[in-house]
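Observations on the three-dimensional arrangement
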Amino acid sequence: MRILVCGGSGYIGSHTCVVLAERGHDLVLADNFSNSSPVVLERLQAITGAPVAFRQVDLRDRAATFDLLAGGGFDAVLHFAALKAVGESCERPLDYFENNIGGTLHLLQAMQAAGVKRLVFSSSATVYGDPDRVPVREDAPLRVTNPYGRTKLVMEQLIGDLVATDPGFQAGVLRYFNPVGAHSSGLIGEDPSGPPNNLMPYICQVAVGRRPRLNVFGGDWPTVDGTGVRDYIHVVDLARAHADALDALVRDGRGFTVNLGTGQGVSVLQLVQAFERASGRPVPYDLVPRRAGDVAEVYADPALAQQLLGWRAQLDVDAMCRDAWRWQSMNPEGYGAG
Ligand code: NAD
Ligand code: UFG
């Protein structure tokens, strides 16, 4: 297939491009580099052995987005392009609505104008908020707790409405749990700008000496060891799911919404210990009060993805830590030094 990958130079998009290229698809990446580096394109070329077709486009620019789609001959679009920082979304909600919802609206309109009718969309476990029970199934109540989450929920609904009205439109909505890790080459990985909000990149930066200690947000949660429990999923497993989702759309018709997780809950301290084992580096930490908006325990029921996509996660926490550390130790300053 000829595939447009919006947000293709970002963390999950870049790993997905490697898998799609390995499966013989023809790719065009589009990004505005608001949260990624052009160095990613060189790294992708090094991994895949072929030049990367790239268009610098901001999806907020309606005309540029129409131009991107027009005459592109795309069989499918993968849509990763979004702002994703929960805290920032609480400070600047309108920017999140404009970028995420506005950008998606332009993309859907441009797809319709160009007659492109196959979409794979990056959603998030954030749409479940604080779930009543774990593991979380796709039919759990949706109740978001912050503007970022609201954008994901609205985008899911926009896509659902389009599917309902256009019989030819196919969409795969993928609700990611907690993506971590990196490609085994160590050439691409997660490179947050500023202090990381998420646990794994913070652990990596402590281990590599960029930050002195990890703050563990809360030791009094009702969990196995008092720290928060999440469903960490290797980004390469996640990438593979996108290729499988495209195949499922081609095979099965109209579409689906599925969780992408391992189904295993892992606590903050369990992840720290696994990382110390994998890296051989100490990760000193302090137990500090809970972070506002956090929840005790969230992990997926991944059965539907297995049933519909034939996909299940294969890489364990040790592999996630090993590969995250390889990336961080080979690129202590991320792509910045690249
Ligand atoms: P990322 O920031 O690394 O990648 C997103 C890419 O989109 C970046 O390269 C950014 O420059 C680009 N982008 C943003 N707005 C754009 C716009 N208006 N026009 C063009 N390009 C734009 O993030 P990621 O971790 O790779 O996440 C990819 C997707 O998965 C996002 O939609 C995110 O919300 C979703 N998601 C991520 C996580 C996570 O923990 N990483 C969890 C659940 C869902
Ligand atoms: N944590 C720490 N210290 C840190 C960072 C995180 O103790 O420095 C803890 C958190 O309290 C939580 C766990 O580590 O218990 C995981 O936190 P993350 O921030 O890595 O992940 P979250 O599950 O809180 O949120 C992430 C994304 C959201 C997304 C959600 C579900 O940031 O955007 O996963 O996909 F919605």
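In case you missed it, the structure is sitting above this.
Worth saying up front: this structure is predicted, and the values here are computed from it rather than measured.

This part takes up the site of ligand 1. The full set close to ligand 1 counts 27 residues, and Asp31, Asn35, Ser36, Lys84 and Tyr148 are the nearest of them. Aspartate 31 places a polar side-chain atom, nitrogen or oxygen, 2.6 Å from an oxygen atom of ligand 1. A distance of 3.0 Å separates an oxygen atom of ligand 1 from a polar backbone atom of phenylalanine 80. Breaking the shell around ligand 1 down by element, the ones donating at least two residues are α1 (11–22), β5 (118–124) and α6 (147–165). Classifying every residue of the shell around ligand 1 gives 12 nonpolar, 11 polar and four charged.

Taken together, 22 residues lie around ligand 2, and Thr126, Asn198, Asn215, Arg230 and Asp294 are the ones closest in. Residue asparagine 198 places a side-chain N or O atom 2.7 Å away from an oxygen atom belonging to ligand 2. In terms of residue count, strand β8 (residues 214–217) provides more of the shell around ligand 2 than any other element does, four residues in total. Its residues assigned to classes, the shell around ligand 2 comprises 11 nonpolar, seven polar and four charged.

Attention now goes to the packing of α1 against helix α8 (residues 235–252). Direction vectors running N to C along α1 and α8 enclose 60°, while the axes themselves pass 8 Å from each other. As judged from the angle between their axes, α1 and α8 are oblique. When you trace α1 past α8, the crossing you get is right-handed. Note on element contacts: α8 touches α1 through Val235, Val236, Leu238, Ala239, Arg240, His242, Ala243 and Leu246, opposite Tyr11, Ile12, His15, Thr16, Val19 and Leu20. Here the residues of the contact of α1 with α8 are counted per class, giving 10 nonpolar, three polar and one charged.

For the structure shown, the criterion picks out four aromatic pairs. Just above the ring of tyrosine 202 sits the side chain of arginine 211; from NZ or CZ to the centre is 5.8 Å. Its end group placed over the ring of tryptophan 221, arginine 290 keeps NZ or CZ at 3.8 Å from the ring centre.

The terminal C-alpha atoms of helix α5 (residues 93–114), which comprises 22 residues, lie 31 Å apart, in line with the 32 Å expected from a rise of 1.5 Å per residue. Here α5 has its buried residues at Tyr96, Asn99, Asn100, Ile101, Gly103, Thr104, His106, Leu107, Leu108, Ala110 and Met111. On its buried face, α5 is in contact with β1 (2–6), α3 (62–69), β4 (76–79), α4 (86–91), β5 and α6. With its phi angle positive at about 75°, glycine 115 sits one or two positions after the end of α5.

With the rule as written, the count across this model stands at 22 salt bridges. With its nearest N and O atoms 2.7 Å apart, the salt bridge here joins arginine 240 to aspartate 237. Of the two residues, arginine 240 and aspartate 237 both sit in helix α8, three residues apart, roughly one turn of that helix. Through salt bridges with shared partners, a single network forms among Arg23, Asp244 and Asp247.

With that out of the way, let us pick up the sheet that holds β5. One key point about sheets: their strands pair by backbone hydrogen bonds, in either a parallel or an antiparallel sense. Strand order in the open sheet formed by seven strands is β3-β2-β1-β4-β5-β6-β11, with parallel pairing between adjacent strands. Two strands lie at the open edges of the sheet, namely β3 (54–56) and β11 (255–260), each paired on one side alone. Mean inter-strand twist for the sheet, computed between neighbouring axes without regard to direction, equals 15°. In the sheet, β4 pairs with β5 via three bridges, with the strands oriented parallel. What sits directly across from leucine 78, in β5, is valine 120. Here α5 sits on the sheet and contacts β1, β4 and β5; the angle it forms with β4, its principal contact strand, is near 175°. Each of β5 and β6 (170–176) touches α6; the most contacted strand, β5, lies at about 155° to it.

Here is what the cut-offs are and how they apply
Residues numbered from 1 in each chain as written. Chains lettered and ligands numbered in written order. Predicted model: local features only at pLDDT ≥ 70, side-chain atom pairs only at ≥ 80, totals over all residues. Heavy atoms only, no water. Near = heavy atom within 4 Å. Polar contact = N/O pair within 3.5 Å; in protein donor to acceptor, adjacent residues only side chain to side chain. Helix = DSSP H or I, 4+ residues; strand = E, 2+ residues; numbered from the N terminus. Nonpolar A, V, L, I, M, F, W, Y, C, P; charged D, E, K, R; others polar. Axes fitted to C-alpha atoms, helices over the stretch in contact; angles between N-to-C directions. Parallel < 35°, antiparallel > 145°, perpendicular 65-115°, else oblique. Left-handed = near helix turned anticlockwise from the far one by under 90°. Contact = heavy atoms within 4.5 Å. Phe/Tyr/Trp six-rings, centres within 6.5 Å; stacked < 30°, edge-to-face > 60°. Lys NZ or Arg CZ within 6 Å of the ring centre and 35° of its normal. Expected span 1.5 Å × (residues − 1). Buried < 20%, exposed > 50% of the residue type's maximum accessible area, 1.4 Å probe, protein only. Salt bridge = Lys/Arg side-chain N within 4 Å of Asp/Glu carboxyl O. Pairing = 2+ DSSP bridges.

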